[in-house]
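# Summary of the model geometry
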Amino acid sequence: MKLHPGFGIQIDKCSTQQITQNLREHDLVLIRGHNFDQTQFKEFITEMGPLVANFYSFAEGSAMELNKGEKEVGVVRNKKGYLPLGGHMYINSGVGSWHYDEVSKNIPGLYYSAIYGAKSLTVGANTDFLSMRLAFERLSEGMKQTLRGLEVINQNRPLRTWTTKSYNENKIKFNTEMDCEEVNCGPIVKKDQMGRESLSFNPRSWVRFAGWSEEESTPVFEFLTKHCTIPEHTIRHNYQDGDVVMWCNNTVVHYGVANYDIDSADREIWQLMFKLKGNDNDNIR
Ligand SMILES: [Fe+2]
């Protein structure tokens, strides 16, 4: 069942090969009705390809705390005492931000995120997904031509999206766990595995185009962010326990919607990032 005319599909449980093919064609795949523990979730995803990033264990008091340091499965929980990780918790202000999942270094080629709904709420705590491929299609030929060949410089800058309160409360831990180096993330127009062009930039982390000043770049990025993030390009996902959602980070950005009580709701999702097996796409530009 299509989730949007232009991207995203819900499919039944099927072979790894069929899932992979759907992911290539539709950019986002939803499969419901799994019952995984963290190890099983990791095994399910690594069937499709190698993991590309680890997550820091920010959680206190959870199983994740038993082994400090980087974790393969990222756990997002909403409980007091847990440092923010991702989406609206990242800024701790009750407002989310459009972004793709990234670590503080560039990952070459196409890479994917997967979320497992471990403990869902009946209402709220949605994730919105947005097709940057559809957004690119709707630009004028002149703008498309201007953007082809430009490269994006990113930076993890806490103060760009964090509230001052959140930053002050967490800065000691985050200063040790995040760097603020500029990273060249490659062309802003990339091709997906079907050869389709897509915008590829992180609305939360862009700084400028390579070779451009920030002052010159900002109006273009602000236009693009506004152009991309209209509802026509989006899907809203309401999690059920056992959901697996996978998407291509290069062609889809997402937004953790804070439409629930982020301080007290007992909600948990798990997250992994991976590449597709058998696709040597590191040179896709
Ligand atoms: Fe995210």
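In short, a report on the structure. Every value quoted in this text rests on a predicted model; they were computed, and no experiment measured them. (Residues numbered from 1 in each chain as written. Predicted model: local features only at pLDDT ≥ 70, side-chain atom pairs only at ≥ 80, totals over all residues.)

## Quick word on the overall build of the chain
In terms of regular secondary structure, the chain is built from eight helices and 16 strands. Evaluated residue by residue, the chain yields a buried proportion of 38% over its 285 residues. (Helix = DSSP H or I, 4+ residues; strand = E, 2+ residues; numbered from the N terminus. Buried ≥ 20, exposed ≤ 12 C-beta atoms within 10 Å, placed from the backbone.)

## So, the sheet that holds strand E12 (residues 206–209)
Pairing is antiparallel across the open sheet formed by three strands, whose spatial order is E9-E8-E12. In the strand order of this sheet, the two ends are held by strand E9 (182–187) and E12, each with one partner. Neighbour to neighbour, the strand axes of the sheet diverge by 30° on average, direction disregarded. Note that strand E8 (residues 151–155) and E9 share four bridges and pair antiparallel. Within E9, the residue paired with Glu151 across the bridge is Pro187. (Pairing = 2+ DSSP bridges. Axes fitted to C-alpha atoms, helices over the stretch in contact; angles between N-to-C directions.)

## Here we look at the environment of Lys191
Mapped onto the elements of the fold, Lys191 is located in strand E10 (residues 189–191). For Lys191, a count of 18 C-beta atoms within 10 Å puts it in the partly exposed group. Sequence separation between Lys191 and Arg133 is 58 residues; the distance between their C-alpha atoms is 9.2 Å.

## Digging into the sheet that holds strand E2 (residues 28–31)
Taken together, six strands build an open sheet; the order of strands is E1-E2-E14-E6-E16-E5 and the sheet is mixed. With partners counted over all chains shown, the strands left at the sheet margins are strand E1 (9–10) and strand E5 (74–77), one partner each. Relative to E2, E1 runs parallel, the two sharing two bridges. Looking at the pairing, Gln10 lines up with Leu30 of E2. Relative to the sheet, helix H1 (residues 16–26) contacts E1, E2, strand E6 (112–119) and strand E14 (244–248), its axis offset from that of E2 by approximately 140°. (Contact = placed C-beta atoms within 7 Å.)

## As for the nonpolar core
If you look at the biggest cluster of nonpolar residues, it comprises 51 residues, and the most contacted ones within it are Tyr112, Ala114 and Leu199. Apart from residues lying up to four places away in sequence, Ala114 is in contact with Ile45, Val244, Val245, Met246, Gln271, Leu272 and Phe274. (Core = buried A, V, L, I, M, F, W, Y, C linked by C-beta atoms within 7 Å.)

## Brief notes about the pairing of strand E7 (residues 127–131)
Counting buried positions over the five residues of E7 gives four, a clear majority of the element. Where E7 and strand E13 (residues 234–237) come together, four bridges link them in antiparallel fashion. Paired with Thr127 across the two strands is His237, which belongs to E13. Where E7 lies against strand E15 (residues 252–256), five bridges are found, and the strand directions are antiparallel.

## A few points about unusual backbone geometry
For Asp27, which is not glycine, the phi dihedral falls at a positive 70°. Structurally, the position occupied by Asp27 is in the loop between H1 and E2. Overall, Asp27 belongs to the buried group, with 29 C-beta atoms counted inside 10 Å. A positive phi is found at Ala125, a non-glycine position, where the angle reads about 60°. Of note, Ala125 is situated in the loop between E6 and E7. Taking the C-beta count within 10 Å as the criterion, Ala125 has 27 such neighbours and is therefore assigned buried.

## Some details on the environment of Glu47
Its place among the elements puts Glu47 in the loop between helix H2 (38–46) and strand E3 (55–56). With 14 C-beta atoms counted inside 10 Å, the residue Glu47 sits in the partly exposed group. Sequence separation of Glu47 and Gln17 is 30 residues, and the distance between their C-alpha atoms is 9.4 Å.

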